[in-house]
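Residue strings, one per chain:
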Amino acid sequence: MSTVLVLNSGSSSLKYQLVAPASGEALAVGIVERIGEASGRVKHEAKGEQLVRDLPVPDHGAALRTVIGLFDEVGPSLAEAGIAAVGHRVVHGGEVFSAPTLIDDDVEAAVRDLIPLAPLHNPANVTGIEVARELLHVPHVAVFDTAFFASLPPAASTYALNREVAAEHGVRRYGFHGTSHQFVSSAVAAHPAVVEKLAAEGRGPETLRQVVLHLGNGASASAVLGGRPVDTSMGLTPLEGLVMGTRSGDLDAGIVFHLMRRGMSGDEVDTLLNKRSGILGLSGVRDMRELQKLVADGDGDARLALDVYLHRLRKYVGAYAAVLGGIDVLTFTAGVGENDHRIRSGVVRGLKFLGLTMDPAANEARSDEARVISARPGGTNLLVMVVPTNEELAIARQTMELIAG
Ligand SMILES: Nc1ncnc2c1ncn2[C@@H]1O[C@H](COP(=O)(O)OP(=O)(O)O)[C@@H](O)[C@H]1O
Ligand SMILES: CC(=O)OP(=O)(O)O
Ligand SMILES: [Mg+2]
């Protein structure tokens, strides 16, 4: 057996999986949380058993050392599991990287150079790479969140900014969560309900018009035509677009200058928009489950936060219907998209005019499978789906392909 250790370093967490790409099986799954806080926590799940341990984890290097220690201590042993490579999720690939890349010192340095474009993500990615290369002597591969969107049409990737300035500073729409948008949109295209729909309409797969909503802590939308991305909501950085756990998403750039003229520094505004805004800024909590609890308790701020969140989502689906010239499938994925049926019905309820429908029982049913939740049969054969994303499996497969290549 051959396995890949996949590392996904977030700003204050390290998620990891030991994956056998051929079968898709995850031999171990875990997360180190609250990195840099007074006490961190590691959860490690393998062979059906979960271990939870609280311990100080000062930085991402310490987090990775803890994880590798756990593989030694409770297993599975990385050597016995046939670890062939480490796959690193790297959030920003800039203009340099548009495909999975074998990591050497130059690649590591290039990822470090991209830190200003993804300050919440790339620093942790760089530390993950440094420490993993030091501890695990196998090939290391970087898989970039931006890669899928490298082929966005110029009309979608270009900001209407002075073109010399944009070129000098690499300012364009890069798009993020690409591994997820690619994984989910190809799973949708392969789903029997979608294949059947296209066949019934006498259409080829190149005509399939999809909108994918990746709703996690970070959240993004994409418009995908025949498997190729034609627009996405995140931009130069993962700040633009939808309302997120702590990020504002779209806002008037004039707000930045207004706040700076009123005394905030650039770094303070950056922190405000990335870490103190979004659902957290509006309601005081960042987690969708907590927000829904507050809404159920009648909290007015939470209600407004939810309304702003849903309003933005409906706006993007409508805009992408225009970009695509219609929609065949709308898909929800990631933590919120896969689990929160109220968010799904809240989006679809406002978009009946597009032909979107919902089967409430299918929407509310719990399942880990890709599934259709629109009403069928109905006057429309536009599909609404829930498709679990699996960025780790996608990264493991791309890593294995590259090193086998
Ligand atoms: N059962 C659920 N109902 C509503 N929201 C959920 C549920 N489970 C997870 N979430 C939400 O999913 C989000 C995290 O999604 P996830 O895709 O894991 O994020 P990330 O990968 O960006 O850390 C959190 O806001 C969390 O509240
Ligand atoms: C790019 C991005 O926003 O990633 P995450 O959702 O993991 O924060
Ligand atoms: Mg995620």
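The rules we used
- Residues numbered from 1 in each chain as written.
- Chains lettered and ligands numbered in written order.
- Predicted model: local features only at pLDDT ≥ 70, side-chain atom pairs only at ≥ 80, totals over all residues.
- Heavy atoms only, no water.
- 1 Å grid on protein atoms, 1.4 Å probe; cavity = no way out; pocket = protein on both sides within 12 Å on 5 of 7 lines; lining within 4 Å.
- Points joined across faces, edges and corners; volume = space filled by probe spheres on them.
- Helix = DSSP H or I, 4+ residues; strand = E, 2+ residues; numbered from the N terminus.
- Buried < 20%, exposed > 50% of the residue type's maximum accessible area, 1.4 Å probe, protein only.
- Contact = heavy atoms within 4.5 Å.
- UniProt positions renumbered as here; feature names shortened; annotations may be inferred.
- Polar contact = N/O pair within 3.5 Å; in protein donor to acceptor, adjacent residues only side chain to side chain.
- Salt bridge = Lys/Arg side-chain N within 4 Å of Asp/Glu carboxyl O.
- Near = heavy atom within 4 Å.
- Nonpolar A, V, L, I, M, F, W, Y, C, P; charged D, E, K, R; others polar.
- Phe/Tyr/Trp six-rings, centres within 6.5 Å; stacked < 30°, edge-to-face > 60°.
- Core = buried A, V, L, I, M, F, W, Y, C linked by side-chain atoms within 4.5 Å.
- Pairing = 2+ DSSP bridges.

Novice: Account for the layout of surface pockets, naming residues and giving values.
Specialist: Volume-wise, the second largest pocket comes out at about 990 Å³. Among the elements that take part in the lining of the second largest pocket, helix α9 (residues 266-275) stands out by supplying six residues, more than any other.

Novice: Which residues make up the side chain of D145, and what values do they have?
Specialist: Tracing the sequence through the fold places D145 in the loop between β8 (140-144) and α4 (154-157). Take D145: its relative accessible area is 1%, and that puts it in the buried class. Among all residues touching D145, those that are not within four sequence positions of it are R89, V90, V91, G175, F176, H177, G178 and T179.

Novice: Requested: an account of the UniProt feature "active site" (unreviewed entry) in the protein chain, with residues and values cited.
Specialist: Feature annotation in UniProt places "active site" (unreviewed entry) on D145, given in this structure's numbering. Among the polar contacts made by the side chain of D145, one reaches the side chain of R89 at a distance of 2.7 Å.

Novice: Before we move on, can you summarise the pattern of salt bridges with the specific residues and values?
Specialist: Enumeration over the complete set of coordinates arrives at 19 salt bridges. R89 is the salt-bridge partner of D145, the closest N and O atoms lying 2.7 Å from each other. Of this pair, D145 sits in the loop between β8 and α4 while R89 sits in strand β6 (residues 83-90), and the two are 56 residues apart along the sequence. In terms of burial, D145 and R89 fall into one category: buried.

Novice: Can you lay out the site of ligand 2 for me, pointing to particular residues and giving the numbers?
Specialist: Inspection of the region around ligand 2 gives R89, V91, H121, D145, F176, H177, G218, M234, P238 and R247 as its neighbouring residues. G218 places a main-chain nitrogen or oxygen 3.3 Å from an oxygen atom of ligand 2. Residue composition of the shell around ligand 2, grouped by class: four nonpolar, three polar and three charged.

Novice: Got a sec to walk through the packing of aromatic side chains? Specific residues and values, please.
Specialist: Taken as a whole and assessed by the stated rule, the structure comprises four aromatic pairs. For the ring pair Y16 and F71, a centre distance of 5.9 Å and an interplane angle of 65° mean the geometry is edge-to-face. Taken together, the residues span a long stretch of sequence, with Y16 in strand β2 (residues 14-20) and F71 in helix α1 (residues 60-74) at a distance of 55 residues. Comparing Y16 with F71, the two get one shared label, buried. Arranged with centres 5.6 Å apart and planes meeting at 80°, the rings of Y316 and Y320 form a pair that is edge-to-face.

Novice: Please give an account of the nonpolar core that cites residues and values.
Specialist: L213, L215, L291, Y309, L313, V317 and I343 are the most contacted members of the largest nonpolar core, which totals 58 residues. Here the element with the most residues in this core is helix α12 (residues 300-324); it accounts for 11 residues. Once you skip the residues sitting within four places of it in the chain, L313 turns out to touch L213, L215, L242, I343 and V347. One finds V57, A63, I68 and L78 within the second-largest nonpolar core, a separate group that totals 26 residues.

Novice: Describe the site of ligand 1, naming the residues involved and giving the relevant values.
Specialist: Close to ligand 1 lie K15, G216, N217, G218, D287, M288, R289, A334, G335, V336, N339 and D340, which account for all nearby residues. Contact distances for ligand 1 include 2.5 Å between an oxygen atom and a side-chain N or O atom of D287. Elements supplying a minimum of two residues to the shell around ligand 1: α11 (288-296) and α13 (334-339). Per-class residue counts for the shell around ligand 1 are three nonpolar, five polar and four charged.

Novice: Break down the UniProt feature "binding site: Mg(2+)" (unreviewed entry) in the protein chain for me, citing the residues and quoting the values.
Specialist: Those places that UniProt annotates as "binding site: Mg(2+)" (unreviewed entry) correspond, in this numbering, to N8 and E391. With the annotated positions falling across 384 residues, the maximum pairwise C-alpha distance of 9.2 Å places them together in a single cluster. When residues no more than four places from it in sequence are discounted, the contact partners of N8 are S13, L14, K15, R89 and E392. Position of E391 relative to the elements: it lies in helix α16 (residues 391-404). For E391, the contacting residues outside a window of four places in its chain are R89, T179, S180 and H214.

Novice: Residues and numbers for the environment of A187, please.
Specialist: If you trace the backbone, A187 turns up in helix α6 (residues 178-190). Given a relative accessible area of 28%, A187 falls into the partly exposed group. Spatially, the C-alpha atom of A187 lies 9.4 Å from that of P388, the residues being 201 residues apart in sequence.

Novice: Give a description of the pairing of β2 that names residues and reports values.
Specialist: Of all seven residues in β2, six are buried, a share of seventy percent or more. Two strands pair when backbone bridges link them, and strand β1 (residues 3-9) and β2 are joined in this way by six bridges, in the antiparallel orientation. Bridge assignment links S9 to a residue of β2, and that residue is L14. Two successive antiparallel strands, β1 and β2, enclose a turn made up of four residues. Sheet analysis places β2 next to strand β3 (residues 25-33), joined by seven bridges and oriented antiparallel. In the sheet register, V19 faces β3, and the bridge partner there is A26. In this antiparallel pair of consecutive strands, β2 and β3, the connection spans four residues, and G24 shows a positive phi of 85°.

Novice: Now, about the pairing of strand β10 (residues 219-225): what can you tell me, with residues and values included?
Specialist: Across the seven residues that make up β10, a large majority, six, are buried. For strand β9 (residues 209-215) and β10, the ladder comprises seven bridges, and the chain directions are antiparallel. Residue V211 lies in a different strand from β10, and its bridge partner there is A223. In this structure, the hairpin formed by β9 and β10 is closed by a connection of three residues. Note: β10 against strand β11 (residues 228-232), four bridges, orientation antiparallel.

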